[in-house]
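Descriptive analysis of the structure
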Amino acid sequence: MVGVTVQTDNRVHRMAVEDPVPWYRKKNLRYLYFMLFPCLMGIEMTSGFDSQIINAVQLVPAWTNYFGHPQGGYKGILASALPLGAVIGLPLIPFVNDNLGRRWCVMTGSLIMIIGSIIQGFAINAPMYIVARLIIGFGLPYAIVAGSSLIGELAYPKERAVLTSLFNAAYFVGAIVASGVTYGTQLIPSDWSWRVPSLLQLSPSLLQVIFIFFIPESPRYLISKDRHEEAFAVIVKYHAEGDENSEFAKAEMAEIKTTIAIELEHAKRSWMDMIATAGNRRRLLIGSLVGVMTQLSGNVVISYYLGDILALVGFTDPQFAAKYNIGNQVWGLVCAVITALIVMRFRRRTMYLFAISWILVAYVGWTASAAVAIEKHNDAAAKLTLFWIYFYQPGYNIGFNALTYTFLVELFPYAMRARGITVFQFFGKAAQFFGTNVNPVGLDPVKGIGWKFLIVYSVWILVEGILIYFLWPETSGRTLEELAFLFEDDERGRKTAEAVENEIHHNDSVSDEKVNVKDVV
């Protein structure tokens, strides 16, 4: 089934879009958005920090000497221990997230990552280093699943897509810091040249531990626990600037309450919900594919093995590789932020199709350039590969950075959101584990197939484009509650719309009665 756009006239969404007051002129909402950065936006910094720690320390002589000049599978497991740890930790995430709340789930993951980072920085051998990375990986998805959900559930509908897109853009902040720190510390004539950046990996998690309780709990979580007054207080404070009589706040509360009630009526809050209906099975398939595509669209080659791919075409100077890597991460951040800021202007499905087409062009061009550079010993073609790696960044950031959590939060309804994003994380981390182990072997010009390995990625990226065309739905322009019934019958959506209209008409009737009483007096 080809993805289609269903246009709807949702009262809450329309009221939010027509709100003339920008967020920065709303005191409470402004505070919330600024606090999201140390509390939640930094979570993906850990992912970016880690990818560049592994990428950059491979260029540090002290690290390679300490761990015995790792190659092939040994190099792969040093990098892939983190996603392996994430896969191990995933099954319990929905339990923590849905029972203890989004904030405590972020806290749990952050504390685990701090412990892992300390062990990593003081590792005395490879097994200890691998175990430390397993621990970091175990904690990371707890924070990611809860953090991405909380951002989407706290944001005012008008800015939700921008904020969830910026969440993933923070990856590059961590990557830039890690690249810069490692570039500076590689000059330290001791093991501290790699231990210092390894210890600094705890920084984003430390911020989350300190600040997470400075933001409110998700009103959707509170409603699911029958804490309606607390939920309404959060909505009033941040979406209505403290006005308890706000028509928008009451309409949004009615929509959330009704939608969650309908969801819970048709869900058992178990893993079986993921395959219970045709709509949920499609959500499960798409969420799984998004996870695979975010890690197997050629990005892991660049993120973890940039030194290897540069060496393939003759760029073997560690200093050049380090500078090129920093530049690539800065360029990635620019692309990710720009995409996040314009995400509201375009339809999600259109952006995905545009992005995968861009990525395919980049990989075909890169493959051709690498082939000519290596087979013909052509310096111009070798330099052209440097261009294609940079050219790749905008396409990847449009499809698989900025849009990822925006799309996932919209794809999965509240009752499935934690499990849905957990499934995405499972397939993403499994694909990352696979890629980090297979890539160094495949790229090896002696034991593998060298530049021809890029052809494999080019073919797979084409397959991804076909899957996106036939499976991806359009999710833009609607509230989370409206999207809860994206693949279901219209009856559930009508019930929610009626609840919102009844709430608004009830408020209008009360206001009219008050006016009439004044007239009589």
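Residues numbered from 1 in each chain as written. Predicted model: local features only at pLDDT ≥ 70, side-chain atom pairs only at ≥ 80, totals over all residues. Heavy atoms only, no water.

Side note on the overall build of the protein
From N to C terminus, the protein includes 23 helices and zero strands. Against the compact-globule benchmark of 24 Å for 521 residues, the protein has a radius of gyration of 24 Å, which places it among compact chains. Across its three principal directions, the C-alpha atoms of the protein cover 90 × 45 × 45 Å. For the protein, the proportion of its 521 residues judged to be buried stands at 59%. About 20,500 Å² of surface is accessible on the protein, with carbon and sulfur atoms providing 66% of the total. Considering the protein, the positive charge centre built from 42 side chains and the negative charge centre built from 43 side chains are found 6 Å apart. (Helix = DSSP H or I, 4+ residues; strand = E, 2+ residues; numbered from the N terminus. Rg over C-alpha atoms; globule rule 2.2 N^0.38 Å. Buried < 20%, exposed > 50% of the residue type's maximum accessible area, 1.4 Å probe, protein only. Areas by Shrake-Rupley, 256 points an atom, 1.4 Å probe, with all protein chains shown as cover. Lys, Arg positive; Asp, Glu negative; His and termini not counted. Charge placed at Lys NZ, Arg CZ, Asp CG, Glu CD.)

Digging into the state of the cysteines
Applying the stated rule across the entire model yields zero disulfides. For C39, which is in no disulfide, the shortest distance to another cysteine sulfur is to C105 and amounts to 15 Å. Overall, the relative accessible area of 0% leaves C39 in the buried class. (Disulfide = S-S within 2.5 Å.)

Some words on the nonpolar core
In globular proteins that are soluble, nonpolar side chains generally tend to be buried together. Counting residues in each nonpolar core, the largest one holds 139 residues, and the members touching the most others are L36, L40, Y129, I215, W366 and W472. The leading source of residues in this core is helix 19 (residues 379-411), at 15 residues. Residues A169, F172, A175 and A336 belong to the second largest nonpolar core, which totals five residues. (Core = buried A, V, L, I, M, F, W, Y, C linked by side-chain atoms within 4.5 Å.)

Structural notes on unusual backbone geometry
One non-glycine residue, E241, adopts positive backbone phi at about 55 degrees. With respect to the helices and strands, E241 occurs in the loop between helix 13 (228-239) and helix 14 (247-265). Overall, E241 belongs to the partly exposed group, its relative accessible area being 31%. Despite not being glycine, H377 has its phi angle at roughly 55 degrees, a positive value. Following the sequence through the fold, H377 ends up in the loop between helix 18 (348-375) and helix 19.

Notes on the environment of E375
Along the chain, E375 falls in helix 18. Measuring from C-alpha to C-alpha, the distance between E375 and L163 comes to 46 Å, with 212 residues separating the pair along the chain. With sequence-adjacent residues up to four places away left out, E375 is seen in contact with W451 and K452. A polar side-chain atom of E375 sits 2.9 Å from a polar atom in the side chain of W451. (Contact = heavy atoms within 4.5 Å. Polar contact = N/O pair within 3.5 Å; in protein donor to acceptor, adjacent residues only side chain to side chain.)

Some points on the side chain of T294
Structurally, T294 can be placed in helix 15 (residues 278-295). Ignoring any residue separated from it by four or fewer positions in sequence, one finds T294 in contact with N299, Y396, F400, T404 and F424.

Here's the deal with the packing of aromatic side chains
As enumerated under the stated definition, the model contains 38 aromatic pairs in all. Look at W63 and F67: their rings are 5.4 Å apart centre to centre, the planes differ by 55 degrees, and that puts the pair in the tilted class. One exposure class covers both W63 and F67, and it is buried. Summarising the aromatic geometry, the rings of F453 and Y457 are spaced 5.6 Å apart at their centres and angled 90 degrees between planes, so their arrangement reads as edge-to-face. Here F453 and its partner Y457 are both found in helix 21 (residues 453-471), four residues apart, which amounts to about one turn of the helix. With respect to class, F453 is no different from Y457; both count as buried. In this arrangement the basic side chain of K26 is found over the ring face of Y156, its NZ or CZ atom lying 4.2 Å from the centre. Geometry around Y66 places R195 over its ring, the cationic atom sitting 5.3 Å from the centre. (Phe/Tyr/Trp six-rings, centres within 6.5 Å; stacked < 30°, edge-to-face > 60°. Lys NZ or Arg CZ within 6 Å of the ring centre and 35° of its normal.)

Concerning helix 16 (residues 299-312)
Over its 14 residues, helix 16 runs only 17 Å from end to end, short of the ideal 20 Å by more than 12%, given 1.5 Å per residue. The sharpest bend along helix 16 measures roughly 100 degrees and falls at Y305. Helix 16 sits mainly inside the fold: 11 of its 14 residues count as buried. Of the residues making up helix 16, those classed as buried are N299, V300, V301, I302, S303, Y304, Y305, L306, I309, L310 and L312. Phi turns positive, to about 100 degrees, at G314, one or two residues after helix 16. (Expected span 1.5 Å × (residues − 1). Bend = angle between axes of the 7 residues up to and from the residue.)

Re the pattern of salt bridges
Counted by the stated rule, this structure contains nine salt bridges. Of the charged contacts, one joins R103 and E217 as a salt bridge, the two residues approaching to 3.9 Å between their closest N and O atoms. Taken as a pair, R103 in helix 7 (residues 102-121) and E217 in the loop between helix 11 (203-211) and helix 12 (219-224) lie far apart in primary sequence, 114 residues in all. Pair check on accessibility: R103 and E217 agree, each one buried. Measuring nitrogen to oxygen at the nearest pair gives 2.7 Å for the salt bridge that ties E410 to R348. Residue E410 is found in helix 19, and its partner R348 is found in helix 18; the two are separated by 62 residues along the sequence. Taken as a pair, E410 and R348 share a single burial class, namely buried. Here the residues in one salt-bridge network are D98, R102, E153, R417 and R419, joined through shared partners. (Salt bridge = Lys/Arg side-chain N within 4 Å of Asp/Glu carboxyl O.)

Brief notes about a nonpolar patch on the surface
On the surface, a nonpolar cluster with roughly 580 Å² of combined accessible area is contributed by V330, W331, V334, I338, L341, I342 and F346. Following the sequence through the fold, W331 ends up in helix 17 (residues 318-342). (Patch = residues over 30% accessible without salt bridge, like charges linked within 9 Å, V, L, I, M, F, W, Y side chains within 5 Å.)

Description of helix 20 (residues 414-443)
The terminal C-alpha atoms of helix 20 lie 42 Å apart, and with 30 residues this matches the ideal 44 Å at 1.5 Å per residue to within 8%. Counted residue by residue, helix 20 has 23 buried out of 30 residues, so it is predominantly covered.

Observations regarding the confidence of the model for the protein
The predicted model of the protein averages 84 in pLDDT, with 90% of residues at 70 or higher. Confidence drops under pLDDT 50 across residues 3-8; counting only partners more than four residues distant or on other chains, this segment forms 15 contacts. Contacts from residues 510-521, a stretch scored under 50 in pLDDT, to residues over four places away or in other chains number zero contacts. (pLDDT = per-residue confidence, 0-100.)

Some thoughts on the environment of T406
Residue placement: T406 occurs in helix 19. On a C-alpha basis, the gap between T406 and T475 in space is 9.4 Å, while along the polypeptide they are 69 residues apart. Not counting the four nearest positions on each side in its chain, T406 is found in contact with A161, T164, S165 and R348. Side-chain polar atoms of T406 contact the backbone oxygen of A161, separated by 3.2 Å. Side chain to side chain, T406 and S165 meet in a polar contact 2.8 Å long.

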